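Structure assessment
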Amino acid sequence: MAVPTGILWERDLHTAAKHTLLRRYMSAWFPIMAKQFRDTGITFFDGFAGPGEYTNAQDSSPAIAMEQALRSDVTCYGTQTRLVFVEDHRGRAEHLRKHLADRFPHANRPSSLAMRVHRGKCGDLFEQAIAEVGGWAGPVFANLDGWGADADYKIVQRIAQQPSSEVLVTFEDQFFIRFAKGEQEAGERVFGHSDWRHVDGLPTAEKRSFLLELYRKDLHSADLPYVLTFEMIDEGGHSLHLFFGTTSEVAVGKFKDGLWEVDGVSGQRFRDPRDPNQLSFDILRPDFTPLESRILKMLGERDHSMAELCEHTLLETIYKETHVKPAVDRLIDQRKVELARTGRSYADRVLRLAERQLF
C-alpha cells in the first residue's frame, strides 16, 4: 500500500495478518521470557509504532504488546517489563500516547512495567530510548515494521548483540529493485553494505531471490543463527516478506506455531520464497508436496534420521516439525521411502529411498 500521510489510515490485510501473528507469538514470548529473565528484565521495542490504532481496527503492535505484557501470567513474576515505542510522525506519536493512556490506564499498570513513547527516527533514537528504561540489561524483541526500506542494519546488529534477543523485520524487495540506480542511500542503510546494488544487473526473474538471500545472510552475519523468512500474499495477490531472526531453535518453533494459526483469520496465503517451485497455499488447506519433495531430495543424497529431517524442516522450510511424520508416512505408503533402521526415538529411526518398483 502507499505510505499514508494522515494520522490514521485503514488497516490492510497484510497488516491484519502481521498483527495476528505478532499476538500469537507474543502470547508465548512474554510469559516465557518474564519467567526466565526475572533478574535482568525484558524489553519489547517497536521502531515504527504508528498511531496505535486504525480507522477500521483498534489492534496495533503497541496495543498488542501492552495487552500481552499486562497478562496475569506475565505480571505474576514481577519481572521488569519495558515497552519502548518510536514514531517519527509527530501527530501519530501524540495519538499513540493518548490511545495507550486511554486504553491501558496508568492505575492498571504494575510498577514493574515501564512504557515510553518517543517521537523521532528509529535509527537515531533506538539506542538511547532502550537505554533510558534499562533495556540493554536483558533480552530485547524488536519489531521493525517500517515501510520496507526503513529498518537500518545497525539496529538489527545492535539488537543481535543482546543475548536471547530477536528481530521481526518487514522487507519489501520491490523498493530495492525499483530504485537500485537511484535511492541507494536507503539500500546502504538496510543492508549495511553496497552489494545489494548488483540486483540492477540481474535478470528480472532473479532479482527477488537475490535480495532475499542477501538479506538473510546479513541477519546471519549479525549473529542471528536462525532466520525464518516467508512471503505473505493477500487476496489481491500482493506480497510482503517478513524476516524473523533469533538465537533459539525453540523460538523458531514457537514463531511457526503462530504463523500456522494466522491463515483463516486474516485471509492470507503463505509461500516459502527460498523454494521457487512452491505455489502459495492456504494454511487451513496446506500443500505438503514441497516438503515431500525436499525429503526425497535429502534422502537422494544420503540416508537421514527422522530427527535430522525434523531439524531441517524446522530451520530451513516454512513447515513445522510436526508436518514431517505425516509427509514421511505418505511417502512410505507410496513406496518412495522405506525404513533403513527402526527404533524408539526419531534419532534412531533412519530412512532411505525405496528401490524402484516395477508394479
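1. Quick notes on the pattern of salt bridges
- Here the structure, examined in full by the defined rule, presents 18 salt bridges.
- Note that E67 is salt-bridged to R23, the shortest N-O span being 2.9 Å. Taken together, the residues span a long stretch of sequence, with E67 in helix α2 (residues 61-69) and R23 in helix α1 (residues 13-36) at a distance of 44 residues.
- By relative accessible area, which is 26% here, E67 ends up partly exposed.
- Between D257 and K320 there is a salt bridge, with its nearest N and O atoms 3.0 Å apart. Residue D257 is located in helix α10 (residues 249-259), and its partner K320 is located in the loop between α12 (306-316) and α13 (324-333); the two are separated by 63 residues in the primary sequence.

2. Quick word on the pairing of strand β1 (residues 42-46)
- Among the 5 residues of β1, 5 are classified as buried, and the element is accordingly described as predominantly covered.
- Where burial is concerned, the two faces of β1 agree: the one with I42, F44 and D46 and the one with T43 and F45 are both buried.
- With 5 bridges joining them, β1 and strand β2 (residues 81-87) adopt parallel strand pairing. Opposite F44, over in β2, you have L83 as the bridge partner.
- Pairing of β1 with strand β4 (residues 140-144) involves 4 bridges; the strand directions are parallel. Note on β4: the bridge partner recorded for D46 is N143.

3. Some words on the nonpolar core
- Membership of the largest hydrophobic core comes to 54 residues, with the highest contact counts inside it found for F30, F44, L83, F85, F141 and F230.
- Of the residues forming this core, the biggest block, 9 residues, is contributed by α1.
- If we skip the residues at most four places from it in the chain, F141 touches L22, Y25, M26, W29, T43, F44, F45, E166, L168 and F244.
- Formed by 38 residues, the second largest nonpolar core is a distinct cluster that contains V84, C122, A142 and L214.

4. With respect to the sheet that holds strand β10 (residues 337-341)
- Judged by pairing direction, the sheet is antiparallel, and its 3 strands sit side by side in the order β9-β11-β10 without closing on themselves. Each of the sheet's edge strands pairs with one partner strand only, and the pair in question is β9 (304-305) and β10.
- Direction of pairing for β9 relative to strand β11 (residues 350-353): antiparallel, over a ladder of 2 bridges. Each residue of the ladder has a partner; that of S305, found in β11, is V350.

5. A closer look at unusual backbone geometry
- Of note in the backbone geometry, S164 takes a positive phi value of approximately 65° without being a glycine.
- Structurally, S164 is set in the loop between α6 (153-161) and β5 (166-171).
- We classify S164 as partly exposed; its relative accessible area is 29%.
- Within the chain, D223 stands out as a residue other than glycine whose phi angle is a positive 75°.
- Along the chain, D223 turns up in the loop between α9 (204-221) and β6 (226-233).

6. Concerning the pairing of β6
- Across the 8 residues of β6, 7 count as buried, placing the element largely inside the fold.
- Judged from the 8 bridges that link them, β6 and strand β7 (residues 239-246) form a sheet pairing that is antiparallel. Across the sheet, residue M232 finds its bridge partner in β7, namely L240.

About the cut-offs
Residues numbered from 1 in each chain as written. Predicted model: local features only at pLDDT ≥ 70, side-chain atom pairs only at ≥ 80, totals over all residues. Heavy atoms only, no water. Salt bridge = Lys/Arg side-chain N within 4 Å of Asp/Glu carboxyl O. Helix = DSSP H or I, 4+ residues; strand = E, 2+ residues; numbered from the N terminus. Buried < 20%, exposed > 50% of the residue type's maximum accessible area, 1.4 Å probe, protein only. Pairing = 2+ DSSP bridges. Core = buried A, V, L, I, M, F, W, Y, C linked by side-chain atoms within 4.5 Å. Contact = heavy atoms within 4.5 Å.

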